[in-house]
Amino acid sequence: PMIDRGTGVIVNIASVNGLTYVGNEAYSAGKAALINLTQSIAVRYGHYGVRCVAIAPGSIATPAWQERVEKEPDVFERLVKWYPLRRIGTPDDVANAALFLASDDAAWITGTVLRVDGGLLAGNEVFTNELLVAGARVEISINDRMQCSGTIAKKTITSDTNAGTRVTVQGR
């Protein structure tokens, strides 16, 4: 039907597990395969006007967590430290992303994965804070060619966001 109409959108629900290692290898492999299938469909059927996209949610508070929450009532409180937005996702977060991707506002988006993960895969602040010496100073310089260089010292984190623009944040 989508090919006959010359338009359509397939929105697959993958997972951050398909993009990086977070355990549960069989589940992760299945989600990685779904991401590859999303790309394949986008390429194969795009010329028919059919788009295919995927959403990769992070931890979403759904009934699938119920058994784990009963055993570990604080599981969500422990998980939020890994998310820069400091909360667990909701089904509405994923639904809103799906509605956008299926809409005409996303007409030029296909073959890609939208991470709806509260920033989980953007970086790992907990890991970084434990890896770097507490109170360390990281200085990054970016020249006019946007090349970076850096040094590590104590007390502050400093980085150049644009050539000539410096942001300094006092460490712990």
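The structure under discussion appears in the preceding block.
What you are looking at is a predicted structure, and each value in this text was computed from that prediction instead of being measured.

Caption draft 1: Spotlight on the overall build of the protein chain. When you go through the protein chain residue by residue, the secondary structure sums to six helices and seven strands. Helices and strands appear in the protein chain in the N-to-C order α-β-α-β-α-α-α-β-α-β-β-β-β. Summarising the internal contacts of the protein chain: among those between residues at least 6 apart in sequence, 52% fall at separations of at least 24. A total of about 11300 Å² of accessible surface is found on the protein chain, and carbon and sulfur atoms cover 57% of it.

Caption draft 2: Broad picture of the sheet that holds strand β2 (residues 50-57). The sheet built from three strands is open, its strands ordered β1-β2-β3 with parallel pairing. Edge positions in the sheet fall to β1 (8-13) and β3 (113-116), since each has one partner strand and no second. Neighbour to neighbour, the strand axes of the sheet diverge by 25 degrees on average, direction disregarded. Relative to β2, β1 runs parallel, the two being bridged by six bridges. By the bridge assignment for β2, I13 is matched with I55.

Caption draft 3: Structural detail: the nonpolar core. V16, W65, V75, F76, L79, Y83, I88 and L120 together form the largest nonpolar core, which totals eight residues. For V75, the contacting residues outside a window of four places in its chain are W65, R68 and V69. Of all hydrophobic cores here, the second largest spans seven residues; its members include V53, V94, A97 and L101.

Caption draft 4: Spotlight on unusual backbone geometry. Even without being a glycine, N24 presents a positive backbone phi close to 55 degrees. Positive phi, close to 55 degrees, is recorded for R86, a residue that is not glycine. Among the structural elements, R86 can be located in the loop between α4 (75-79) and α5 (91-102). Given the relative accessible area of 42%, R86 is considered partly exposed.

Caption draft 5: Broad picture of the environment of V94. Tracing the backbone shows V94 in helix α5. Judged by relative accessible area, V94 falls into the buried class, the value being 12%. With 22 residues separating them along the chain, V94 and V116 place their C-alpha atoms 6.6 Å apart. Setting aside residues up to four positions removed in sequence, V94 forms contacts with I13, I55, P57, I60 and V116.

Caption draft 6: Spatial organisation of the pattern of salt bridges. Counted by the stated rule, this structure contains seven salt bridges. Note that R86 and E125 form a salt bridge whose closest N and O atoms lie 2.7 Å from each other. Linking R86 in the loop between α4 and α5 with E125 in helix α6 (residues 125-131), this pair joins segments that are 39 residues apart in sequence. Judged by relative accessible area, which is 42%, E125 ranks as partly exposed. Here D117 and R115 are joined by a salt bridge, their closest N and O atoms 3.9 Å apart. Residue D117 is classed as buried on the basis of its relative accessible area, which comes to 7%. For R115, a relative accessible area of 41% translates into the label partly exposed. Linked by salt bridges that have partners in common, R68, E72, D74 and R78 make up one network.

The rules behind the values
- Residues numbered from 1 in each chain as written.
- Predicted model: local features only at pLDDT ≥ 70, side-chain atom pairs only at ≥ 80, totals over all residues.
- Heavy atoms only, no water.
- Helix = DSSP H or I, 4+ residues; strand = E, 2+ residues; numbered from the N terminus.
- Contact = heavy atoms within 4.5 Å.
- Areas by Shrake-Rupley, 256 points an atom, 1.4 Å probe, with all protein chains shown as cover.
- Pairing = 2+ DSSP bridges.
- Axes fitted to C-alpha atoms, helices over the stretch in contact; angles between N-to-C directions.
- Core = buried A, V, L, I, M, F, W, Y, C linked by side-chain atoms within 4.5 Å.
- Buried < 20%, exposed > 50% of the residue type's maximum accessible area, 1.4 Å probe, protein only.
- Salt bridge = Lys/Arg side-chain N within 4 Å of Asp/Glu carboxyl O.

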